[in-house]
Amino acid sequence: MNHILNLRREKIELSNQFNPQHNQQGAPSRPAPVYPPPVSFKEWMISMLLLAIPVVGLIMLFVWAFSGSTNPSKANYAKAALLWAAIVVVIYIIIGIALLPAIISSLNSSNYY
């Protein structure tokens, strides 16, 4: 029985020498995941400066969110910022529609001399 186990181990070791994609037990191993480099401090500072400029910031959010070459963490940040901006705009519209009758009635009832 030991002879059979030794032959099996030798076969696995031999196959691992010629096929490095297998681990010690002979099972296929996965390649290590490749992660993008983190966004540097300098790049974040420049990004925040660009976002502070009213129209340029909005345009850059769309560029970063939907560009294929943008770092994934910056792209996710831009998508989240756009989503929050859309939520705030919807809330403002709802509040404006709710307050519109009160504003119109106060303008019609006031007497300006």
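This text goes with the structure placed above it.
Residues numbered from 1 in each chain as written. Predicted model: local features only at pLDDT ≥ 70, side-chain atom pairs only at ≥ 80, totals over all residues. Heavy atoms only, no water.

### Quick word on helix α4 (residues 72–109)
- Taking 1.5 Å of rise per residue, 38 residues should cover 56 Å, and α4 covers 55 Å from first to last C-alpha, within 8% of that figure.
- The largest bend along α4 reaches roughly 40° and is located at L99, with the proline P101 sitting one to four residues downstream.
- Taken together, the buried positions of α4 are occupied by K74, A75, A78 and L82.
- Close packing links the buried residues of α4 with α2 (41–52) and α3 (54–66).
- Near the N-terminus of α4, the side chain that reaches the backbone nitrogen of S73, with its oxygen 3.0 Å away, is that of N71. (Helix = DSSP H or I, 4+ residues; strand = E, 2+ residues; numbered from the N terminus. Expected span 1.5 Å × (residues − 1). Bend = angle between axes of the 7 residues up to and from the residue. Buried < 20%, exposed > 50% of the residue type's maximum accessible area, 1.4 Å probe, protein only. Contact = heavy atoms within 4.5 Å. Polar contact = N/O pair within 3.5 Å; in protein donor to acceptor, adjacent residues only side chain to side chain.)

### A word on the nonpolar core
- L61, W64, A65, A78 and L82 together form the largest nonpolar core, which totals five residues.
- Among the elements of the structure, α3 and α4 are those that each provide at least two residues to this core.
- Broken down by element, this core gets its largest block of residues, three residues, from α3. (Core = buried A, V, L, I, M, F, W, Y, C linked by side-chain atoms within 4.5 Å.)

### Some points on the pattern of salt bridges
- Counted under the stated rule, the structure contains one salt bridge.
- For E43, the salt bridge is made with K74, and the minimal N-O distance between the two is 3.1 Å. Here E43 is found in helix α2, whereas its partner K74 is found in helix α4, with 31 residues between them in sequence. (Salt bridge = Lys/Arg side-chain N within 4 Å of Asp/Glu carboxyl O.)

### Let's talk about the packing of α3 against α4
- Put simply, α3 and α4 touch, their axes get as near as 7 Å, and they point 130° apart. Comparing the axis directions of α3 and α4 gives the class oblique. With respect to the hand of their crossing, α3 and α4 are arranged in left-handed fashion. Here α3 contributes L58, L61, F62, W64, A65 and F66 to the contact with α4, which in turn contributes K74, A75, A78, K79, A81 and L82.
- Across the contact of α3 with α4, the residue classes break down as 10 nonpolar, no polar and two charged. (Axes fitted to C-alpha atoms, helices over the stretch in contact; angles between N-to-C directions. Parallel < 35°, antiparallel > 145°, perpendicular 65-115°, else oblique. Left-handed = near helix turned anticlockwise from the far one by under 90°. Nonpolar A, V, L, I, M, F, W, Y, C, P; charged D, E, K, R; others polar.)

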